Amino acid sequence: MAVVLDKSHRWRVVAAHLGLICFIALIMFPFLMILLISLRPGNFSTGDLIPSQISLEHWKLVLGIPYQAADGRLVEPEFPVLLWLWNSIKVAALSGLIGLLLSTTCAYAFARMRFAFKAQLINSLMLVQMFPTVLALVAIYAIFDQIGGYVPWLGLDTHGGLILAYTGGIALHIWTIKGYFDTIPVEIEEAAKVDGATPFQAFRYVLLPMAVPILMVVFLLAFIQGVNEYPIASVLLKQQDQLTIAVGIKMFLYEQKYFWGDFAAAAILSGLPISIVFLLAQRWMTSGLTAGGVKG
Amino acid sequence: MSDVVLRGIRKSFGDIETLHGIDLDIKDGEFVVFVGPSGCGKSTLLRTIAGLEDITSGDLHIGGERCNDTPPAKRGVAMVFQSYALYPHMTVAENMAFGLKLAGVSKEEMKQAVDRAARILQIEHLLERKPKALSGGQRQRVAIGRAIVRKPNVFLFDEPLSNLDAALRVQMRIEITKLHRELNTTMVYVTHDQVEAMTLADRIVVLNAGNVEQVGSPLELYHHPRNLFVAGFIGSPKMNFVEGKLAAIGANHATVQLADGSMVTAAVDASAGQVGGKVTLGIRPEHFEFSASGNTISGQLIAVEHLGEATICYLQVPGASEHLVVRADAEHEAKPGETLSVRLPETRCYLFNEAGLAFQRVKNS
Ligand SMILES: Nc1ncnc2c1ncn2[C@@H]1O[C@H](COP(=O)(O)OP(=O)(O)O)[C@@H](O)[C@H]1O
Ligand SMILES: [Mg+2]
């Protein structure tokens, strides 16, 4: 920063920082509350902001470790939370990857190829996606019930079926990736074609490497969506050991009793894979990857 | 090495036809320049040769083979784009080696070819950089290097120098000429700049609105333009045109009556003309003479520009659609407002009929 700055600039920087700190505090507060609830003994949603006593009972339960309750009896974990977590990761990662594969190729077709009804097709994709999932739940249930009759591993109560259902929701991803492809000058791929590349090679070696940041963003969004999704998973999955964590976590909230502490610990756990995937993906999400290719 | 033959090439985008039947023979090892105003279809023509646009009708032969339906990769051509179109995620070396890598050439050979091209273009110190860390001129060299490395049969250049500053453009022009001499490969070069065309070309193809206006060597086009368009396009500053009427015709001269009544004689074969027919007289700014008498045209001096090596005078003359541009000596001392008479040497005059076609000039050598 070699630019000459006004005196008042310093105050503006301070004010901006204060504003940002307030904003972050606002966002972090609910998270801290959940964290505290998960560390407080007993299952209460409210209590002291600073707990007088830290207890790992909820975390032990969630991680599948029996613990000694205050009255001396051994409490066995009731639910396979870690299995649910694994289910979630599996479903989210696979549906993210398959969705990415489909939406990238689809976006390529929409961005670079010429075919009839292109504009109508891509617009109808968007419109169909706007239809609220919840309204289609019955239909989705019926469809997968039918599919299960022919292909058991894609039917109800299977992860295959859930992944298939999630993969159906890629219209928005297609739009996102197509938008990015549109910003990449066609000449760069044309240069590759003159250089001896087949259309697929031009796509694979030239377009795709330039699109890595947006692909990472899309995968991340799909992954988060997969971990958090509730309505479809709650309809398609019934057996306890098949549930994803978003559905399974509801089990801590009975009609008569809410196990807020266990719920909070499991909720934080479900956020873990998202954070890890985000941190991993971040190094690929660099900007300026396409800079310098053509004269601006 | 190959020749390129175009026969009746037409190209339409939807309902709009951009190229209206181009016939052209490009010889093996020749440097051919397509020149024409912006939007006349130069790039489109080049891209049909490269295979980046399909041909609506007509035949394209490269090296004796019909290539209409051959994909770009198999035509043995290399192209340098106006926007450079480098691969931004690859280093300079990788950019240049990309074509060879696709062709499955060994690492050893690849490195040799890249090093050789880098040496020719003096970009050896840039090989490990990414394109974004290069200047415009350096990127241009890399783009040319990428073309050289593949040892193509035909080089295609689409306005490669138009993004460079004037000094660099001159330097690169010389290097491209040198490159052509060294490689001796067929080169097709597109530009809208007639100076580039004149300096680089073995033969120039003047295009206008999707048609070939004239094909010929630079001097042929300069001395014997076929029509008004070519005459106006080749040469800088551009040729002056004055309207008039044919007063007398002959096999080696024509007398033209100008709007102000004065008579000017041009050494052209006007036997095909008609006395009284409308004609356009053409003369280049550098061909006026100031020595007094005979065959003169006079007008009011509007402005004078001193360029240092020459003086450019702008004359208002009746019947001329624009100002007459006259190139005079550096020491010329006319003042704006004065009336100036300049002589038109007969053998330097051009004459065009009403349709814009040139009367054959009498060859004096
Ligand atoms: N892909 C395209 N679709 C429709 N029209 C095009 C396309 N490419 C070029 N044209 C039209 O063809 C004409 C010639 O363009 P071009 O060959 O780029 O001219 P230039 O001589 O400046 O290189 C222009 O009028 C342009 O609008
Ligand atoms: Mg062009």
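The residue numbering used here restarts from 1 in each chain and proceeds along that chain's sequence as written. Ligands are numbered from 1 and chains lettered from A, in the order in which they are written. Side-chain atom pairs in this predicted model are given and counted only at pLDDT of 80 or more, local residue features only at pLDDT of at least 70, and totals for whole chains, interfaces and linings cover all residues. Computation of side-chain values covers all heavy atoms of the structure but excludes hydrogens and water.

- As annotated in an unreviewed UniProt entry, chain B carries the name Sn-glycerol-3-phosphate ABC transporter ATP-binding protein UgpC and is attributed to Chitinimonas viridis.

- Where an unreviewed UniProt entry is consulted, chain A appears under the name Maltose/maltodextrin transport system permease protein MalG, with the organism given as Chitinimonas prasina.
- UniProt positions are given in the numbering used here, feature names are shortened, and annotations may be inferred rather than shown by experiment. Entered under Subcellular location (unreviewed entry) in the UniProt record, the comment concerning chain A runs "Cell membrane".
- Reading the Function (unreviewed entry) entry of the UniProt record for chain A gives the comment "Part of the ABC transporter complex MalEFGK involved in maltose/maltodextrin import. Probably responsible for the translocation of the substrate across the membrane."

### As for the overall build of chain B
- What counts as a helix is a DSSP run of H or I of at least four residues, what counts as a strand is a run of E of at least two, and both are numbered from the N terminus. Each helix and strand in chain B was counted, giving 8 helices and 19 strands.
- Taken across its 365 residues, chain B has 52% of its residues classed as buried.
- Here, residues are in contact when the closest pair of their heavy atoms is within 4.5 Å. Of the contacts formed within chain B by residues at least 6 apart in sequence, a portion of 64% connects residues at least 24 apart.
- Per-residue and other accessible areas follow the Shrake-Rupley method at a 1.4 Å probe size, with only the shown protein chains counted as cover for residues. Accessible area of chain B: about 15,800 Å², with a carbon and sulfur share of 48%.
- When charges are counted, Lys and Arg contribute as positive and Asp and Glu as negative, whereas His and the chain ends are disregarded. Note that the charge is assigned to NZ on lysines, CZ on arginines, CG on aspartates and CD on glutamates. Taking the average place of the 38 positive charges on the side chains of chain B and the average place of its 42 negative ones, the gap between the two points comes to 6 Å. A 1.4 Å probe rolled over the protein chains alone gives each residue an accessible area, and that area as a share of the maximum for its type sets the label: buried under 20%, exposed over 50%, partly exposed in between.

### Overview of the site of ligand 1
Residues and elements named next belong to chain B.
- Throughout, the term near means that a residue has one or more heavy atoms lying within 4 Å of the molecule or strand in question. Every residue close to ligand 1 is listed here: F13, T18, S38, G39, C40, G41, K42, S43 and T44.
- Between ligand 1 and the protein, one listed contact pairs an oxygen atom with a side-chain N or O atom of T18 at 3.4 Å.
- The term polar contact refers here to a pair of N or O atoms within 3.5 Å; inside protein, the definition further demands a hydrogen-donor-capable atom paired with an acceptor-capable atom, and it admits residues adjacent in sequence only when both atoms are side-chain atoms. The separation between an oxygen atom of ligand 1 and a polar main-chain atom of K42 is 2.9 Å.
- In isolation ligand 1 has 560 Å² of accessible area, and contact with the protein removes 55% of it.
- Classification used: nonpolar for Ala, Val, Leu, Ile, Met, Phe, Trp, Tyr, Cys and Pro, charged for Asp, Glu, Lys and Arg, polar for all others including Gly. When its residues are assigned to classes, the shell around ligand 1 shows 2 nonpolar, 6 polar and 1 charged.

### Here we look at the nonpolar core
- Core analysis: the biggest nonpolar cluster contains 65 residues, and F181 of chain A together with L6, F34, L60 and L156 of chain B have the highest contact counts within it.
- Counting residues in each nonpolar core, the second largest holds 48 residues, with I123, A197, I204 and F233 of chain B among its members. The term nonpolar core refers to a set of buried residues drawn from Ala, Val, Leu, Ile, Met, Phe, Trp, Tyr and Cys, joined through side-chain atoms within 4.5 Å.

### Considering the domain arrangement of chain B
Residues and elements named next belong to chain B.
- Once the domains are mapped, chain B shows domain 1 (4–231) and domain 2 (240–352).
- Each side of the interface is counted separately: domain 1 has 7 residues, and domain 2 has 7 residues.
- Buried area, as used here, totals the accessible surface that two parts lose on assembly, with accessibility defined by a 1.4 Å probe and the loss added over both. Across the domain 1 to domain 2 interface the summed buried area is about 620 Å²; carbon plus sulfur atoms make up 60%.
- Contact with domain 2 buries surface across domain 1, with Y222, L228 and A231 losing the most and accounting together for 76% of the total. As annotated, the domain borders come from an automatic or database domain assignment.

### Thoughts on the pattern of salt bridges
- Salt bridge, as used here, is a side-chain nitrogen of Lys or Arg placed within 4 Å of a carboxyl oxygen of Asp or Glu. Within the structure shown, the criterion is met by 18 salt bridges over all chains.
- Salt-bridge contacts for R47 of chain B lead to E190 of chain A; the nearest nitrogen and oxygen are separated by 2.7 Å. On the criterion of chain membership, the pair formed by R47 of chain B in helix α1 (residues 42–50) and E190 of chain A in helix α8 (residues 186–194) is interchain, its members lying in two chains.
- For R47 of chain B, a relative accessible area of 15% corresponds to the buried category.
- Between E30 of chain B and K27 of chain B there is a salt bridge whose closest N-O contact spans 3.9 Å.
- Bridged by salt links that share partners, the residues E190 of chain A together with K11, R47, E53 and D54 of chain B form one connected network.

### Focus on the packing of helix α9 (residues 199–210) of chain A against helix α10 (residues 212–228) of chain A
Residues and elements named next belong to chain A.
- An axis is simply a line fitted to the C-alpha atoms; with a helix, the fit covers only the stretch in contact. Between two such axes, the angle follows the N-to-C directions and lies from 0 to 180 degrees. Close contact between α9 and α10 brings their axes to 5 Å; oriented N to C, the two are set at 65°. It follows from the interaxial angle that α9 and α10 lie roughly perpendicular. Residues L208, P209 and M210 of α9 touch α10, and the partners they reach there are V212, P213 and L215.
- The residue makeup of the contact of α9 with α10, split by class, is 6 nonpolar, no polar and no charged. Should an angle fall under 35 degrees it is taken as roughly parallel, and over 145 as roughly antiparallel, whereas 65 to 115 is taken as roughly perpendicular and any remaining angle as oblique.

### A look at the side chain of R173 of chain B
All names here are of chain B.
- Tracing the chain through its elements places R173 in helix α5 (residues 166–183).
- Of the side chains with opposite charge, D193 lies nearest to the buried R173, which makes no salt bridge, at 5.3 Å.
- Setting aside residues up to four positions removed in sequence, R173 forms contacts with L161, V195, E196, T199 and L200.

### A closer look at the interface of chain A and chain B
- Taken together, the contact between chain A and chain B spans 23 residues of the former and 25 residues of the latter.
- Applying the counting rule to chain A against chain B returns 2 salt bridges.
- Joining chain A to chain B, the criterion identifies 8 residue pairs in polar contact (both at pLDDT 80 or more).
- Those elements giving two or more residues to the side of chain A that touches chain B turn out to be α8 and α9 of chain A.
- Per-element tally for the side of chain A that touches chain B: the top contributor is α8 of chain A, with 7 residues.
- A class-by-class count of the residues in the side of chain A that touches chain B yields 12 nonpolar, 6 polar and 5 charged.

### Overview of helix α1 (residues 8–39) of chain A
All names here are of chain A.
- With 32 residues, α1 extends 45 Å from end C-alpha to end C-alpha; this agrees with the ideal 46 Å at 1.5 Å per step.
- By the largest-angle criterion, M28 marks the main kink of α1, which is about 35°, and a proline, P30, follows within four residues.
- The set of residues buried in α1 consists of I37, S38 and L39.
- Summarising the contacts, the buried residues of α1 are in contact with α2 (57–62) and α13 (260–282). Helix span, as expected, comes to 1.5 Å for every residue beyond the first. Throughout, the bend at a residue refers to the angle made by two axes, fitted to the seven residues ending there and to the seven starting there.

### What about the environment of G155 of chain A?
All names here are of chain A.
- In this structure, G155 sits in the loop between α5 (133–150) and α6 (159–167).
- What makes G155 buried here is its relative accessible area of 4%.
- Separated by 14 residues in sequence, G155 and Y141 place their C-alpha atoms 9.4 Å apart.
- Those residues within four positions of G155 in sequence are excluded, and the remaining contacts are F144, G148 and G161.

### Describing the UniProt feature "domain: ABC transmembrane type-1" (unreviewed entry) in chain A
- The UniProt feature table records "domain: ABC transmembrane type-1" (unreviewed entry) at residues 85–281 of chain A.
- Each end of residues 85–281 of chain A is marked by a C-alpha atom, and these two atoms are 20 Å apart; helix forms 77% of the span and strand 0%.

### Let's talk about the UniProt feature "domain: ABC transporter" (unreviewed entry) in chain B
- Residues annotated in UniProt with the feature "domain: ABC transporter" (unreviewed entry) correspond here to residues 4–234 of chain B.
- As annotated, residues 4–234 of chain B has a helix share of 37% and a strand share of 26%, and its two end C-alpha atoms lie 25 Å apart.

### Re a nonpolar patch on the surface
- Residues enter patches when their relative accessible area tops 30% and they take part in no salt bridge; the joining distance is 9 Å for like charges and 5 Å for the nonpolar side chains Val, Leu, Ile, Met, Phe, Trp and Tyr. A cluster of nonpolar side chains, contributed by W11, V14, L18 and I21 of chain A, occupies part of the molecular surface with about 450 Å² of accessible area.
- Within the fold, V14 of chain A resides in helix α1.

### Quick word on unusual backbone geometry
- In this structure, the amide linkage connecting S236 of chain B to the following residue, P237 of chain B, adopts the cis form with an omega of -5°.
- Tracing the sequence through the fold places P237 of chain B in the loop between α8 (228–233) and β11 (240–249).
- Even without a glycine there, the phi angle at F117 of chain A is positive, about 65°.
- Within the fold, F117 of chain A resides in the loop between α3 (81–112) and α4 (118–130).

### A word on the sheet that holds strand β8 (residues 186–191) of chain B
Residues and elements named next belong to chain B.
- Strand order in the open sheet formed by 6 strands is β6-β7-β8-β3-β9-β10, and the pairing between neighbours is mixed. For this open sheet the edge positions go to β6 (77–80) and β10 (211–216), each flanked by a neighbour on one side alone. The sheet shows a mean angle of 15° between the axes of neighbouring strands, direction not considered.
- Pairing between strands is defined by DSSP: at least two bridges between them are needed. In terms of strand pairing, β6 meets strand β7 (residues 154–158) through 4 bridges, oriented parallel. Considered in β7, the bridge of V80 is made with F157.
- Against the sheet, helix α4 (residues 136–149) contacts β6 and β7, and its axis sits at roughly 175° relative to β6.

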